[in-house]
Amino acid sequence: AKELGRNMYQMYDASMNVKNYQSLILERDLRKAILNEEFIAYFQPRVDARTGKVTSAEALIRWNHPQVGLISPLEFIPLAEETGLIIPMGKWMKKRVCEQLVTWREAGLPLVPISVNISSQRFLQKNFAMEIRELLEEYKLEGKYLEIEITENSIMKNEETVTKTLRELKELGVKIYIDDFGTGYSSFNYLKTFHLDGVKIDRSFIQNISSESENASITTAMIKMAQHLKLDVIAEGVETEGELSYLLEQNCNEMQGYYFGRPCPIDEFENKYLKG
Ligand code: C2E
Ligand code: CA
Ligand code: CA
Ligand code: CA
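The rules behind these values
- Residues numbered from 1 in each chain as written.
- Chains lettered and ligands numbered in written order.
- Predicted model: local features only at pLDDT ≥ 70, side-chain atom pairs only at ≥ 80, totals over all residues.
- Heavy atoms only, no water.
- Helix = DSSP H or I, 4+ residues; strand = E, 2+ residues; numbered from the N terminus.
- Contact = heavy atoms within 4.5 Å.
- Donors = N, O, S within 2.8 Å, 3.2 Å for Na, K, Ca; no water.
- Near = heavy atom within 4 Å.
- Polar contact = N/O pair within 3.5 Å; in protein donor to acceptor, adjacent residues only side chain to side chain.
- Areas by Shrake-Rupley, 256 points an atom, 1.4 Å probe, with all protein chains shown as cover.
- Expected span 1.5 Å × (residues − 1).
- Buried < 20%, exposed > 50% of the residue type's maximum accessible area, 1.4 Å probe, protein only.
- Arc of directions from axis to C-beta.
- Pairing = 2+ DSSP bridges.

Colleague: Tell me about the environment of Tyr259, residues and numbers included.
Modeller: Inspection of the secondary structure assignment puts Tyr259 in the loop between strand S9 (254–256) and strand S10 (264–265). Along the chain, Tyr259 and Val238 lie 21 residues apart, while their C-alpha atoms are 5.9 Å from each other. Setting aside residues no more than four positions away along its own chain, Tyr259 makes contact with Val238, Glu239, Thr240, Glu241 and Leu244.

And the structure:
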């Protein structure tokens, strides 16, 4: 036992700390998860708050780990990005979404566009638009049923590639939204440079918007600017009646958040929002 104790100590000495070890296990499991398709897509409704109609949904990934159970993307997306595993993971999600749209179409259900989060790593590769075109062809889907959310960081990197990709996506009819709008760059110049369809105002601005005057004035300014530029504006993370009514007063009608519905498994989404 003494011997073992010394070895263990040496392991720590060789800077094998617990954190490194955990992330190695996580990486190993994540690789397995991709091979075994241990992911689940949850859908969260996006709503036109004037009519209450569900206008689209955002696809959000969950990992159903065989030992741990459901894991939030906040726990594995950073490592997936670091290791490049975000690429096959994203591929799985896009395919899953297209499959679902086809299933709904074949069942005669009304289709709503599904919005997919794209890592900047993938978005900035030259063949991104091609992947989307091939997917749409494979599933015989119109581009308007697939929407893409990218962050401000994605768009600020390689102007030439970004311009070309956005043009190709526009030709396909795929809409592009800026996610977490307001949290990235202090300049909004890119809104004029690139053709975008809309912005999703980050949840941090929406929180307590009715009582917090700072959030309120920033959000109002963002809504005005976006509308002036003829962009769709979606408010994220709407949780309360107060937030809802403040946004409606500002003519921001499209919303997403727990107030309308949490992300849920697809069959639940279907039953709640597409049927009856
Ligand atoms: P996001 O793209 O900003 O997605 C919105 C997040 O806010 C989701 O967290 C959603 O569950 C949560 N949310 C929605 N409404 C409310 C609300 O009213 N209140 C609060 N407190 N939260 C709300 P989730 O599902 O944990 O996803 C976290 C992040 O992980 C996403 O943030 C996105 O950046 C990333 N992510 C999720 N799925 C994917 C994916 O398939 N691919 C990539 N690249 N990233 C993903
Ligand atoms: Ca998003
Ligand atoms: Ca967001
Ligand atoms: Ca986010």
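Colleague: Describe the coordination of the calcium ion (ligand 4), with residues and values.
Modeller: Four donors placed tetrahedrally around a metal ideally meet at 109.5 degrees, and six donors placed octahedrally ideally meet at 90 or 180 degrees. Protein coordination at the calcium ion (ligand 4): the donors are Asp180 (OD) and Asp180 (OD), at 2.6 to 3.1 Å from the metal. Between the calcium ion (ligand 4) and the calcium ion (ligand 2), a spacing of 5.6 Å is present. In this structure, Asp180 sits in strand S6 (residues 175–181).

Colleague: Explain the site of ligand 1 to me, using residue names and the numbers behind them.
Modeller: In the region of ligand 1, 22 residues are neighbours, and Ile61, Arg62, Asp179, Glu239 and Tyr258 sit closest. Between Glu58 and ligand 1, the recorded distance is 3.2 Å, taken from a side-chain N or O atom to an oxygen atom. A distance of 3.3 Å separates an oxygen atom of ligand 1 from a polar atom in the side chain of Asp180. Its free accessible area being 800 Å², ligand 1 has 83% of it covered by the protein chains. Taken together, the elements giving at least two residues each to the shell around ligand 1 come down to strand S2 (53–65), helix H3 (73–83), helix H4 (86–106) and S6.

Colleague: Describe helix H2 (residues 18–36), naming the residues involved and giving the relevant values.
Modeller: Within an α-helix, residues lying three or four positions from one another point in the same direction, as the helix has 3.6 residues per turn. Over its 19 residues, H2 runs 27 Å from end to end, which matches the ideal 27 Å to within 8%, given 1.5 Å per residue. Turning to H2, its buried residues are Asp29, Leu30 and Ala33. Relative to the axis of H2, the buried residues are bounded by an arc of 110° and lie together on one face. For H2, the elements touching its buried residues are strand S1 (39–48), S2, H3 and H4.

Colleague: With reference to specific residues and values, describe the pairing of S1.
Modeller: Counting buried residues along S1, nine of its 10 residues qualify, which places the element largely inside the surrounding structure. As paired strands, S1 and S2 are joined by 10 bridges and run antiparallel to one another. Counterpart to Tyr42 in the pairing with S2 is Leu60. Hairpin connection between S1 and S2: a loop of four residues separates the two successive antiparallel strands, and Gly52 in this loop has a positive phi of roughly 80°. As paired strands, S1 and S10 are joined by two bridges and run antiparallel to one another. Opposite Phe43, over in S10, you have Cys264 as the bridge partner. Here three bridges tie S1 to S9, and the two strands are oriented antiparallel to one another. Residue pairing for S9: Arg46 is matched across the bridge by Gln256.

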